[in-house]
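# Remarks on the overall topology
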Number of protein chains: 2
Amino acid sequence: MRKSENKAIERLLKYLEYVKNKKAEGQNYVFSHELADFVGVTPAQVRQDLMDFKIEGTPQKGYPVESFFDEVCSHLKCDSRTKIVLVGVGNLGKAILSYFVKRKPNLEIVAAFDSDQEKSDRIYSGTKILNVSELYNFVKKERVKVGIITTPADSAQDIADILIKAGIRGIVNFAPITIKVPESVFLEQIDITLSIEKTAYFAEKIAGEK
Amino acid sequence: MRKSENKAIERLLKYLEYVKNKKAEGQNYVFSHELADFVGVTPAQVRQDLMDFKIEGTPQKGYPVESFFDEVCSHLKCDSRTKIVLVGVGNLGKAILSYFVKRKPNLEIVAAFDSDQEKSDRIYSGTKILNVSELYNFVKKERVKVGIITTPADSAQDIADILIKAGIRGIVNFAPITIKVPESVFLEQIDITLSIEKTAYFAEKIAGEK
């Protein structure tokens, strides 16, 4: 997977979100500058992306919402349902469970897992919590394709290995450690602490330059 | 700020973390391949970065932990304390507050803010929660340099505008909307839902190709 494709898919997902809202509001056309504004790219980038999808608009009216939506949706297979498991039901895991539920109906967190026996066999925000010892069998049996890791750093690689062995094809890792996955698995790393540290560095640098 | 500098600072922060742990364990030398492994880059990249810092190692022993730490720490000004505010004490905000506290002693979340009166004047995970009406004055008076936004999408830009007007120099935005900041403010956007959606897309794509 090339980096440019990664970024292009991010933009498409954002276009889709915007157009979906406009569709719900009953709007028939959108302009490239609206989309550019929403996504934080140039209107030229939007036009290039939509040209790649053969979505045609006019300078007067913009792009037709209906066909735009259908075209991008079909490319992103946004009607198909993806099963997700989350591992590590601490504060961050809980935040994702409660935030995520029902927000994206095509993405379903089918179960969450934790090593703490106390947390097992409970329901959190509508999601069943199971013991991590059941992870491998569950993922394999349910053919889950995506895993979210919100465990501490020292267990993240072990969890990733179990997920991959059980057939997972994409991992979102929040543990503050770089995990290793084979090329056949898509990996998204989100290191919140690192992002805050980096922002602090640049903020202090900018403040010092003034 | 160029993109390459952004990535270089991320790597330095990770090297520093690794070397700090090794220092605490009493280790005297580290190898470039250890660092590369930890950060998820090539050993050649590590050697290049360390050459830029004039940190010299030998193929037999590696890099000396002590001078490595001092050199990188001084560049990153890792002894200076940065004041941070967090706005939006929902599930994600709470997760960051409880996760972050004491993890990075040089970064201090000095207060959190919410528009809900019910949440005001309480303490969460050791952090004081104030009403968002006090945000501007607090940031200005305390000379806070970094803001973390964990509000819903529709208030994120307003909050960013208040923060910037009050003197903030860096923003970490978790709200699922692209906020606009002037060039004199560093912006880090973390869109968790988008990352999960993107991972689902690529996971399904990989699964379909098999």
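Cut-offs used in this document
- Residues numbered from 1 in each chain as written.
- Chains lettered and ligands numbered in written order.
- Predicted model: local features only at pLDDT ≥ 70, side-chain atom pairs only at ≥ 80, totals over all residues.
- Helix = DSSP H or I, 4+ residues; strand = E, 2+ residues; numbered from the N terminus.
- Contact = placed C-beta atoms within 7 Å.
- Pairing = 2+ DSSP bridges.
- Least-squares fit on C-alpha atoms with pLDDT ≥ 70 in both.
- Domains from an automatic or database assignment.
- Axes fitted to C-alpha atoms, helices over the stretch in contact; angles between N-to-C directions.
- Parallel < 35°, antiparallel > 145°, perpendicular 65-115°, else oblique.
- Nonpolar A, V, L, I, M, F, W, Y, C, P; charged D, E, K, R; others polar.
- Left-handed = near helix turned anticlockwise from the far one by under 90°.

## Thoughts on the overall build of chain A
Looking only at helices and strands, one finds eight helices and nine strands in chain A. Dimensions of chain A, computed from the C-alpha atoms along their principal axes, are close to 60 × 50 × 35 Å. When contacts within chain A are restricted to residue pairs at least 6 apart in sequence, those whose partners lie at least 24 apart make up 55%.

## Points about the pairing of strand β4 (residues 107–114) of chain A
All names here are of chain A. Pairing of strand β3 (residues 82–87) with β4, which is carried by six bridges, proceeds in the parallel orientation. Its bridge partner lying in β4, Val85 is registered against Ala111. Direction of pairing for β4 relative to strand β6 (residues 127–131): parallel, over a ladder of three bridges. If you follow Ala112 over to β6, its bridge partner there is Ile129.

## Brief notes about the relation of the copies chain A and chain B
Relating one copy of the chain to the other requires a rotation about an axis plus a shift along that axis. Structural alignment of chain A on chain B gives an RMSD of 0.0 Å, achieved by rotating through 180° and translating 0.0 Å along the axis. Those values place the two copies in the arrangement expected of a two-fold rotation axis. Taken as a fraction of all interface residues of chain A, those also at the interface in chain B reach 100%, which identifies the copy contact as same-surface.

## Notes on the domain arrangement of chain A
The domain boundaries assigned to chain A delineate domain 1 (3–76) and domain 2 (82–194). When each unit is reduced to the centre of its C-alpha atoms, the spacing between domain 1 of chain A and domain 2 of chain A is 31 Å.

## Description of the packing of helix α2 (residues 32–39) of chain A against helix α3 (residues 43–52) of chain A
Residue and element names in this part refer to chain A. Relative orientation of the contacting elements α2 and α3 amounts to 110°, with a least axis distance of 8 Å. It follows that α2 is roughly perpendicular to α3 by the angle criterion. Contacts between α2 and α3 pair Ser32, His33, Leu35 and Ala36 from the former with Pro43, Gln45, Val46 and Arg47 from the latter. Its residues assigned to classes, the contact of α2 with α3 shows four nonpolar, three polar and one charged.

## Topic: the sheet that holds strand β5 (residues 122–124) of chain A
Residue and element names in this part refer to chain A. Reading across the sheet, the seven strands line up as β5-β6-β4-β3-β7-β8-β9 and stay open at both edges, with mixed pairing between neighbours. The open sheet has two free edges, formed respectively by β5 and β9 (186–189), since each of these has just one partner strand. The sheet shows a mean angle of 25° between the axes of neighbouring strands, taken without regard to direction. Here strand β7 (residues 146–149) pairs with strand β8 (residues 170–173) via four bridges, running parallel. Its bridge partner being in β8, Val146 is matched across the sheet by Gly170. Each of β3, β4, β5, β6 and β7 is contacted by helix α5 (residues 91–100), which is oriented at about 155° to β4, the strand it contacts most.

## Here's the deal with the packing of helix α1 (residues 3–24) of chain A against α2 of chain A
Residue and element names in this part refer to chain A. The contact between α1 and α2 brings their axes to 10 Å, and the two run at 115°. As for how α1 packs across α2, the hand of that crossing is right-handed. Here Arg11, Lys14, Tyr15 and Tyr18 of α1 lie close against α2, whose contacting residues are Leu35, Phe38 and Val39. Considered class by class, the residues forming the contact of α1 with α2 number five nonpolar, no polar and two charged.

## Details of the interface of chain A and chain B
If you look at the interface, chain A gives 48 residues, while chain B gives 48 residues. Along the lines of polarity and charge, the residues of the side of chain A that touches chain B split into 26 nonpolar, 11 polar and 11 charged.

## Some remarks on the sheet that holds strand β7 (residues 146–149) of chain B
Residues and elements named next belong to chain B. On the basis of which strands lie adjacent, the open sheet formed by seven strands has the order β5-β6-β4-β3-β7-β8-β9 and mixed pairing. Whereas interior strands pair on both sides, the edge strands pair on one side only; in this sheet they are β5 (122–124) and β9 (186–189). Taken pair by pair, the neighbouring strands of this sheet meet at an average axis angle of 25°, ignoring direction. With three bridges connecting them, β5 and strand β6 (residues 127–131) associate as antiparallel partners. Its bridge partner lying in β6, Ile123 is registered against Lys128. Strands β3 (82–87), β7 and β8 (170–173) of the sheet are contacted by helix α7 (residues 153–165), whose axis makes an angle of about 170° with β7.

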